[in-house]
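Here are the chains, one letter per residue:
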Amino acid sequence: MNLQKTVPLPSPIREGWGLTHRIDIENGTPVLNYYVSDGTEIIYVMDSVNFTVKRKIPIFDKNNQPRDYLNELEFIEGRLWANIYLTNMIAVINIETGQVEEFIDFTELVQYADQLYRQKGLGSLPHDRCLNGIAYDAKSKHLYITGKKWHFVAEISLN
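Scoring rules and cut-offs
- In this convention, every chain numbers its residues from 1, walking through the sequence in written order.
- In keeping with the model being predicted, local features are shown solely for residues with a pLDDT of at least 70 and side-chain atom pairs are shown and tallied solely at 80 or more, while totals for entire chains, interfaces and linings include all residues.
- The side-chain quantities take in all heavy atoms of the structure and omit both hydrogens and water.
- Using a 1 Å grid laid over the protein atoms alone, points where a 1.4 Å probe fits but cannot get out form a cavity; open sets with protein on both sides within 12 Å along at least 5 of 7 lines form a pocket; any residue with an atom within 4 Å of a point counts as lining.
- Grid points are joined across faces, edges and corners, and a volume is the space filled by probe spheres set on the points.
- Strands are runs of DSSP state E lasting at least 2 residues, helices are runs of H or I lasting at least 4, and numbering of each runs from the N terminus.
- Ten residue types, Ala, Val, Leu, Ile, Met, Phe, Trp, Tyr, Cys and Pro, are classed as nonpolar, four, Asp, Glu, Lys and Arg, as charged, and the remainder, Gly among them, as polar.
- Here the rule is simple: two strands pair whenever DSSP picks up at least two bridges between them.
- Axis definition: a line fitted to C-alpha atoms, over the contacting stretch in the case of helices. Angles run 0 to 180 degrees between N-to-C directions.

Peer 1: Please explain the layout of surface pockets as it appears in this structure.
Peer 2: If a probe the size of a water molecule is rolled over the atoms, the empty space left behind becomes visible. By volume, the largest pocket is sized at about 210 Å³. Along the wall of the largest pocket there are 13 residues; nearest its centre are Arg79, Trp81, Ile104, Leu158 and Asn159. Sorting the residues of the lining of the largest pocket by element identifies strand S6 (79–84), strand S8 (99–105) and strand S11 (154–157) as the ones contributing at least two each. When the residues that make up the lining of the largest pocket are grouped by side-chain class, the tally is seven nonpolar, two polar and four charged. Volume-wise, the second largest pocket comes out at about 150 Å³.

Peer 1: Mind showing me how you'd approach empty space enclosed by the protein here?
Peer 2: Applying the stated rule across the entire model yields one cavity of 30 Å³ or more. The computed volume of the largest cavity comes to approximately 50 Å³. In this structure, the largest cavity is lined by Ala113, Leu116, Tyr117, Leu125, Lys149, Trp150, His151 and Phe152. Its residues placed into classes, the lining of the largest cavity shows six nonpolar, one polar and one charged.

Peer 1: I tried to follow the pairing of strand S9 (residues 131–137) on my own but got confused; where do I start?
Peer 2: For S9 and strand S10 (residues 142–147), the ladder comprises six bridges, and the chain directions are antiparallel. Within S10, the position partnered with Gly133 by the bridge is Thr146. Two successive antiparallel strands, S9 and S10, enclose a turn made up of four residues, where Lys141 displays a positive phi of approximately 60 degrees.

Peer 1: Hey, could you run me through the sheet that holds strand S3 (residues 42–47) in this one?
Peer 2: Two pairing modes exist for strands in a sheet, parallel and antiparallel, and in both the strands are linked by backbone hydrogen bonds. Sheet architecture is open: four strands sit in the order S1-S2-S3-S4, paired in antiparallel fashion. Only two strands of the sheet have a single neighbouring strand rather than two, namely strand S1 (18–26) and strand S4 (53–58). With direction set aside, neighbouring strand axes in the sheet form an average angle of 30 degrees. Across nine bridges, S1 lies against strand S2 (residues 29–37) in antiparallel orientation. Residue pairing for S2: His21 is matched across the bridge by Tyr34.

All quantities given are derived from atomic positions and should not be read as evidence of function.
Encoded structure:
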């Protein structure tokens, strides 16, 4: 691995929590954009060439309440998935409107992680060992989930 360069996050992004990408159509042309979370209720769309913020997308639930603590990001079948930091929930977001269309509860998976943690003699899973990794294989339609300091990755089939 050779570090090519570093780029400071542009204002108003406070710090990097999550990062993903998507090819969007802008003025009839495919353009690679980065989508960035910083722990707030805003998803930033960042230009992949000059790293400027193109637009800010406020994220809100069905009650029009802002949803913050957006962390790890992944596009899955056109929707943005974001884990909600320090919870067992992943928000499925319509990125065009900013509305959370559904919350998926991964409590059973977190309980399984806790069980494995205990089996290793480490006591109960600390609260900050929450969901923190989302990946998707479009070919197999499998979702991969992990968490902070977890010792496994869960493979989940999307039906």
